[in-house]
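Structure assessment
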Amino acid sequence: MSKTVRVRFAPSPTGALHIGGAHTALFNWLWARHMGGKFILRIEDTDQVRSTKEYENTIMAGMKWMNLDWDEGPDVGGDFGPYRQTERLHLYRKYADELLERGLAYKDGEAVIFKVPLGEDIGFEDMVYGSIDVVSDSLKDGRTGQMKDIVLMKSDGMPTYNYAVVVDDHTMGITHVIRGEDHISNTPKQVLLYKALGWELPTFAHLPMILGKDKKKLSKRHGATSVYEYRDMGYMPDSVFNFLALLGWAPSGDREIFDRDLAINEFDLKNVNRKPSVFDMDKLNYVNQGHLHALPTAKKIEMLAPFWKEAGIDLSSVDESYMEKAFDLMGGRGRTVKDLAEFTDYFLDFAPVTKRYDGEVSDETRKTLRGFFSDMMKLDTWTASAMETFARDWTKEKGVKLKDVAMPMRFAITGHKVSPGIFELAEFMGKEEIKRRLSHYGFL
């Protein structure tokens with residue numbers, strides 16, 4: 001009978017939830033959900049100098065924003081809190097004492113140190129990288145020599161990483177240790193401790209490194225690193241989830257935009273690519289744009305509302321049917337929620353437009369525009385096709401390029417140099433509103 005899959009995400013609360021950590025959390029979460037298992041959050045807070053409660057809260061908030069819910073932990077008002085290493089110190093002392101009693105460890109002052117045996121086979125199978133062979137008296141680069149003894153408990157009474165993680169994973173019943181490939185070098189030391197304590201090894205799966213487009217290690221210069229930064233930039237949690245899932249894995253059929261249910265159904269650690277993944281902001285924008293424009297109108301309005309409000313727009317009169325037509329007119333423009341909010345604010349209010357456009361043009365250009373707009377306002381038929389036909393005829397007669405009237409018109413109405421077709425937009429907004437906006441700049 002197979003064991004219930006139990007996985008964990010174990011961040012240190014020394015910073016916010018960054019992209020690498022979120023990627024590791026997501027792959028653990030996906031494996032647990034795919035296998036019908038449990039996903040556990042463990043805070044590794046033994047670094048007493050750098051660990052803070054604020055960072056712990058930020059990590060959990062980032063996970064909740066991405067909807068990476070965990071399945072067990074200490075009860076906190078009816079909700080699950082995380083496990084914390086500082087609340088498990090008795091376990092680390094217990095097993096350190098056991099190793100001391102058995103002569104497998106020794107003390108150096110107040111520190112407890114594990115004596116590495118010679119000739120011990122400490123290789124392991126990895127679900128991503130395959131068989132990794134290591135012997136305790138062979139160094140990583142092939143030179144012969146003794147692997148250094150392993151500190152278990154430091155003089156301050158805190159466990160070291162390689163020791164604590166073994167005790168935690170065993171006592172929590174973790175079946176699969178899924179983490180970044182930078183931990184491969186730590187795994188042989190941990191295998192030694194599992195063997196010394198007589199414990200069964202979990203299944204290891206190390207995830208590929210994430211690189212920037214320049215193929216260098218991911219850093220802030222490649223883009224924001226905290227998942228909250230992406231939230232504030234207008235990306236959606238489902239989009240970030242989708243994008244991160246593609247870093248090292250992909251569903252069948254070369255699909256790039258998919259939902260959580262599909263990812264849960266198809267995810268398999270055996271299909272994770274061992275090659276480094278590339279963090280590409282263009283791909284994130286593409287994925288976010290796909291998710292954003294698939295949303296129903298009511299949900300779009302809900303997500304855009306905070307950004308509209310920040311621009312000073314009164315949201316009390318936002319009409320869903322009107323905005324549905326406006327979104328249709330946008331034709332998929334806007335890669336992020338923030339983009340789409342700015343690209344649509346002029347449908348709701350003229351004030352944001354005036355902040356983006358000061359209306360400064362030369363006297364000669366102003367004279368031309370006044371003539372064009374005055375004649376346009378005399379049209380009996382206020383349709384896009386009628387306006388475009390008029391504009392082409394008028395500019396041809398006056399020896400003016402069409403763009404020389406269309407571009408100022410677009411900018412005066414929307415505050416943007418790019419928008420839906422300006423004549424389609426003028427028809428949608430109505431003659432009186434267009435007249436009001438053009439008059440504001442003295443073009444009528």
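Parameters and conventions
Residues numbered from 1 in each chain as written. Predicted model: local features only at pLDDT ≥ 70, side-chain atom pairs only at ≥ 80, totals over all residues. Heavy atoms only, no water. Buried < 20%, exposed > 50% of the residue type's maximum accessible area, 1.4 Å probe, protein only. Helix = DSSP H or I, 4+ residues; strand = E, 2+ residues; numbered from the N terminus. Pairing = 2+ DSSP bridges. Contact = heavy atoms within 4.5 Å. Patch = residues over 30% accessible without salt bridge, like charges linked within 9 Å, V, L, I, M, F, W, Y side chains within 5 Å. Areas by Shrake-Rupley, 256 points an atom, 1.4 Å probe, with all protein chains shown as cover. Salt bridge = Lys/Arg side-chain N within 4 Å of Asp/Glu carboxyl O. Lys, Arg positive; Asp, Glu negative; His and termini not counted. Charge placed at Lys NZ, Arg CZ, Asp CG, Glu CD. Axes fitted to C-alpha atoms, helices over the stretch in contact; angles between N-to-C directions. Parallel < 35°, antiparallel > 145°, perpendicular 65-115°, else oblique. Left-handed = near helix turned anticlockwise from the far one by under 90°. Nonpolar A, V, L, I, M, F, W, Y, C, P; charged D, E, K, R; others polar.

Overview of the pairing of strand 7 (residues 111–114)
Where burial is concerned, the two faces of strand 7 agree: the one with A111 and I113 and the one with V112 and F114 are both buried. Note that strand 6 (residues 105–108) and strand 7 share 4 bridges and pair antiparallel. Residue pairing for strand 7: D108 is matched across the bridge by A111. Counting the residues between successive antiparallel strands, the hairpin from strand 6 to strand 7 contains 2 residues, one of them, G109, with a positive phi of roughly 70°. Across 3 bridges, strand 7 lies against strand 10 (residues 150–153) in antiparallel orientation. Directly across from F114, in strand 10, lies its bridge partner I150.

Here we look at the side chain of S419
Relative to the assigned elements, S419 resides in the loop between helix 16 (403–414) and helix 17 (422–429). Classification of S419 by relative accessible area gives buried; the value is 7%. Here S419 is in contact with R333, Y346, R410, T414 and L425, once residues within four sequence places are set aside.

A word on a negative patch on the surface
On the surface, a cluster of negative charge is contributed by D319, E320, E324 and D328. By secondary structure assignment, the location of D328 is in helix 11 (residues 320–330).

Let's talk about the packing of helix 10 (residues 297–310) against helix 11
Packed helices, taken two at a time, are described by their axes: the angle between them and the distance between them. Where helix 10 meets helix 11, the closest approach of the two axes is 10 Å, and the angle between their N-to-C directions is 90°. With respect to each other, helix 10 and helix 11 are oriented roughly perpendicular. Residues T297, A298, K300, I301, L304 and W308 of helix 10 form the contact with helix 11, whose participating residues are E320, M323, E324 and F327.

Details of the sheet that holds strand 1 (residues 6–9)
Spatial strand order, 1-2-5: 3 strands in an open sheet with parallel pairing. The strands lining the two open edges of the sheet, one partner per strand, are strand 1 and strand 5 (83–84). Here strand 2 (residues 38–43) runs beside strand 5; their pairing, made up of 2 bridges, is parallel. Paired with R42 across the bridge in strand 5 is Y83. Contacting strand 1 and strand 2, helix 1 (residues 19–35) crosses the sheet at an angle of about 165° to strand 1.

Overview of the packing of helix 4 (residues 161–171) against helix 5 (residues 187–196)
Packing of helix 4 against helix 5 brings their axes to within 9 Å, and their N-to-C directions diverge by 55°. One way to sum up the angle between helix 4 and helix 5 is to call them oblique. At the point where helix 4 passes helix 5, the crossing takes the right-handed sense. Where helix 4 abuts helix 5, its residues Y161, N162, Y163, V165, V166, D169 and H170 lie against K189, Q190, L193 and Y194. A breakdown of the residues in the contact of helix 4 with helix 5 according to their chemical character gives 6 nonpolar, 3 polar and 2 charged.

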